[in-house]
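Given next are the chains, with one letter for each unit.
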Amino acid sequence: MFDFDATLPLMAVQFLILVAILNAVFYKPLMKAIDERNDYIHRTQVEAQERLSKAQNLAQQYEQELADTRKQSQALVAAAQADAQKIVAQKIAEAQEEARLQREQAQKELDQQKQEALRSLEQEVDALSHQILTKLLGTAA
């Protein structure tokens, strides 16, 4: 069935030469390209993970800074409101004091006018009383 003549070793040598040529020409460069591609993918994944980690850290940092800034702005707003309330309270107190002083001044002026009116009335009453007495005494005498 099989002939073991010179063709079998020749076919075996041709097969080995073909395998060596394919290995040198095709498989080694292909495996090298596949290995380089795997290395590139691995490096890219590592870099992407590093960048993602950095981006997450930056986002967290920015969120923290934003929260701090919000707290500071709320504190500033609260301080400004407190200052405004103090100023309003001070202005109200000043206005009340001024109104009280004006009321007291008006009351003093009214009291003074009242006293002057009473004095003038007393003088008129005295004058009228004197006239009445002189008429009564003058006509009676």
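Use the structure listed above.
First things first, this report covers the structure right here in the doc. Everything numeric in this text was worked out from a predicted model, so none of it was measured.

Scoring rules and cut-offs
- Residues numbered from 1 in each chain as written.
- Predicted model: local features only at pLDDT ≥ 70, side-chain atom pairs only at ≥ 80, totals over all residues.
- Heavy atoms only, no water.
- Helix = DSSP H or I, 4+ residues; strand = E, 2+ residues; numbered from the N terminus.
- Rg over C-alpha atoms; globule rule 2.2 N^0.38 Å.
- Buried < 20%, exposed > 50% of the residue type's maximum accessible area, 1.4 Å probe, protein only.
- Lys, Arg positive; Asp, Glu negative; His and termini not counted.
- Charge placed at Lys NZ, Arg CZ, Asp CG, Glu CD.
- Salt bridge = Lys/Arg side-chain N within 4 Å of Asp/Glu carboxyl O.
- Phe/Tyr/Trp six-rings, centres within 6.5 Å; stacked < 30°, edge-to-face > 60°.

### Things to note about the overall build of the chain
Consideration 1: A count of helices and strands for the chain gives one helix and zero strands.
Consideration 2: Taking 14 Å as the expected radius of gyration for a compact globule of 141 residues, we find that the chain reaches 59 Å, considerably beyond that expectation.
Consideration 3: Summarising its shape, the C-alpha atoms of the chain cover approximately 195 × 20 × 20 Å along the three principal directions.
Consideration 4: Taking all 141 residues of the chain together, the buried fraction comes to 0%.
Consideration 5: If you average the places of the 16 positive and of the 21 negative side-chain charges in the chain, the two averages end up 2 Å apart.

### Structural notes on the pattern of salt bridges
Consideration 1: If you walk through the whole model with that rule in mind, you get two salt bridges.
Consideration 2: Among the salt bridges present, the one from arginine 100 reaches glutamate 97, with a minimum N-O distance of 2.3 Å. Of the two residues, arginine 100 and glutamate 97 are both situated in helix α1 (residues 7-140); the distance of three residues between them amounts to about one turn of the helix.
Consideration 3: A salt bridge links arginine 100 to glutamate 104; the shortest N-O distance between them is 2.3 Å. One end of the pair is arginine 100 and the other is glutamate 104, both in helix α1 and four residues apart, which spans about a single turn.

### A word on the packing of aromatic side chains
Consideration 1: For the structure on display, the rule yields one aromatic pair.
Consideration 2: With a centroid separation of 5.3 Å and 65° between ring planes, the pair formed by phenylalanine 26 and tyrosine 27 is classed as edge-to-face.
Consideration 3: Accessibility expressed as a relative area gives 44% for phenylalanine 26, which makes it partly exposed.

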